[in-house]
Amino acid sequence: VCELSDCTDARAALHAIARGIGVTLRADRDAGELLVPLSHALDALDRCIIVLDGVDGVDAAAGGPMLQEIKSVLAGVCARATHARFILTARAAVGLAGEHVLDVPPLAIETGAAGEPEGGVALFIERAEQARGGRALAPALRGVVAQIAHKLGGNPLAIELAAARARAEALESILLTVSPPDGSHHGTARAIDAVVQLLSAPEQRAFAQASVFVGAFDLVAAEAVFDVIDDDVLTFDGAGELTVPGD
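What comes next is a walk through the structure. (Residues numbered from 1 in each chain as written. Predicted model: local features only at pLDDT ≥ 70, side-chain atom pairs only at ≥ 80, totals over all residues. Heavy atoms only, no water.)

A separate point is the nonpolar core. Among the nonpolar cores identified, the biggest contains 30 residues, and L4, L14, L38 and L52 are the most heavily contacted of them. Counting only elements with at least two residues in this core, the list comes to α1 (10-20), α2 (31-44), β2 (48-53), α4 (64-80) and β3 (84-88). Core analysis: the second largest hydrophobic core is formed by 20 residues, F124, V144, L175 and V178 among them. (Core = buried A, V, L, I, M, F, W, Y, C linked by side-chain atoms within 4.5 Å. Buried < 20%, exposed > 50% of the residue type's maximum accessible area, 1.4 Å probe, protein only. Helix = DSSP H or I, 4+ residues; strand = E, 2+ residues; numbered from the N terminus.)

Before going further, it helps to spend a moment on the pattern of salt bridges. Pairing between side chains becomes possible if they bear opposite charge and their charged atoms approach one another. Applying the stated criterion across every chain yields a total of 5 salt bridges. With a closest N to O distance of 2.9 Å, E126 and R127 form a salt bridge. The class of E126 is partly exposed, set by a relative accessible area of 41%. Residue R127 is classed as partly exposed on the basis of its relative accessible area, which comes to 25%. Here R127 makes a salt bridge to E160, at a shortest N to O gap of 3.0 Å. Remark: E160 occurs in helix α7 (residues 156-164) and R127 occurs in helix α5 (residues 119-131); sequence separation between them is 33 residues. For E160, a relative accessible area of 32% puts it in the partly exposed group. Each of R26, D28 and R29 takes part in a single network of salt bridges with overlapping partners. (Salt bridge = Lys/Arg side-chain N within 4 Å of Asp/Glu carboxyl O.)

Attention now moves to the environment of A92. Tracing the backbone through its elements, the reader meets A92 in the loop between β3 and β4 (109-111). Taking relative accessible area as the criterion, A92 reaches 54% and is therefore assigned exposed.

Within a regular beta strand, the side chains point alternately toward one face of the sheet and then the other, so they alternate between its two faces. Two elements, strand β1 (residues 2-3) and β2, share 2 bridges in a ladder whose sense is parallel. Note that in β2 the partner of E3 across the bridge is D53. Alignment of β2 against β3, held across 5 bridges, turns out to be parallel. Counted as the bridge partner of C48 is A84 from β3. (Pairing = 2+ DSSP bridges.)

Glancing now at the sheet that holds β1. The strand order across the open sheet built from 3 strands is β1-β2-β3, with neighbouring strands paired in parallel fashion. A single partner strand is all that each edge strand has here, and the edge strands are β1 and β3.

Next up on the list: helix α6 (residues 142-151). Among the residues making up α6, those that are buried are V144, V145, I148 and A149. Down the axis of α6, the sector holding all buried residues measures 135°, keeping them to one side. Looking one or two residues beyond α6, the residue adopting positive phi is G153, at roughly 65°. (Arc of directions from axis to C-beta.)

Right, let's talk about the state of the cysteines for a bit. Applying the stated criterion across every chain, the model contains 0 disulfides. The closest cysteine sulfur to the non-disulfide-bonded C48 is located on C2, 9.5 Å from its own sulfur. For C48, a relative accessible area of 15% corresponds to the buried category. (Disulfide = S-S within 2.5 Å.)

Keep in mind these numbers describe shape, not what the thing actually does.
Here you go:
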């Protein structure tokens, strides 16, 4: 994930992408000179997916003309890095050649014809029950859930973050403290950080230590890396898959 929302010029955007893939570019080169080495570094990863997060966020940081320059540079990177595929997060189409737009609309806040929760209400209930270790929410609380989902504008990420708090917080308290989305782009990296803050201290430590793995890992690898294997934090099922209690 490459966070672009704070980039104020094209060079900064290219350096942000480089940091995201663990590469350092020369600081004394302009944007045009950085395109080739960055593209080679991306191609060296073979087939990969790069998330360019907060592309439209550079509009506020850089202004209209600079945003166009950054878009031009991104177009150059996408065209040269033939083995890489890019996912750009933005509130509107960016306008790059070959771009395929996938709209993520707000979830509906409603109950189905059979009285079963749907949309944002169903998502909150599912995630909250996971956070509570599988303990079901009482049907009487669905009205509070609907108010929370409505207050969050049906935003899926905001609903998931709020639902995670049900692990140790009453729904009425969540309703009083959640804030409606302000329309700004906070970035995937910030959203992940918000989720990490909901973990206990041992879980946060395990999460940080797990970051050394590029993909999946088994118990032997975990024991070699983690400074503690606590059944209250991490468990492995019979197939050797890592799980967190409540998942």
